[in-house]
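Spelled out, the chains give:
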Amino acid sequence: MRILFHHRTVSKDGMDVHIQELVAAFRRLGHDVKIVGPASASDQDFGSDGGLLSKIRSKLPRFLSEILELAYDQVAYRRLEEAYESYNPDLIYERYNLFLMAGMRLKEK
């Protein structure tokens, strides 16, 4: 099975470990897995909290931070749609999707 694994996690902490272990388990079962997530996620060291973006968000009022999360959904959707069209998965698995509606929007397409 071809699985498109989509997430919005930038920090390298327990969430990242969870993602990596789920992907490894899918692959051990013989599935082909493509991961789609924030571009900066792969550049972080373990223990990172998300870098500059996390620092900026911590200074903003909560409602502005949440608006940024909703705006990121547009970027995530374009990235997910491109991966979907080129990879042609059997399944989209979306994880850590608070404020992230890209997978649901792609399903409706």
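Procedures and definitions
Residues numbered from 1 in each chain as written. Predicted model: local features only at pLDDT ≥ 70, side-chain atom pairs only at ≥ 80, totals over all residues. Heavy atoms only, no water. Helix = DSSP H or I, 4+ residues; strand = E, 2+ residues; numbered from the N terminus. Buried < 20%, exposed > 50% of the residue type's maximum accessible area, 1.4 Å probe, protein only. Contact = heavy atoms within 4.5 Å. Areas by Shrake-Rupley, 256 points an atom, 1.4 Å probe, with all protein chains shown as cover. Pairing = 2+ DSSP bridges. Axes fitted to C-alpha atoms, helices over the stretch in contact; angles between N-to-C directions.

### Some remarks on the overall build of the protein
Part 1 of the argument: Within the protein one finds 4 helices and 3 strands.
Part 2 of the argument: The helix and strand sequence of the protein, counted from the amino end, reads β-α-β-α-α-β-α.
Part 3 of the argument: Among the 109 residues that make up the protein, the fraction classed as buried is 32%.
Part 4 of the argument: Nonlocal contacts in the protein, meaning residues at least 24 apart in sequence, comprise 81% of its contacts between residues at least 6 apart.
Part 5 of the argument: Only carbon and sulfur atoms are counted for the fraction: they give 56% of the accessible area of the protein, which is about 6,900 Å².

### Observations concerning the sheet that holds strand E2 (residues 32-36)
Part 1 of the argument: Spatially, E2-E1-E3 is the arrangement adopted by the 3 strands of the open sheet, whose pairing is parallel. Edge positions in the sheet fall to E2 and strand E3 (91-95), since each of these pairs with one other strand and no more. Within the sheet, the average angular offset between the axes of one strand and its neighbour, ignoring direction, is 20°.
Part 2 of the argument: Here strand E1 (residues 2-7) runs beside E2; their pairing, made up of 5 bridges, is parallel. Considered in E2, the bridge of His6 is made with Val36.

Spatial relationships are all this shows, so hold off on functional conclusions.
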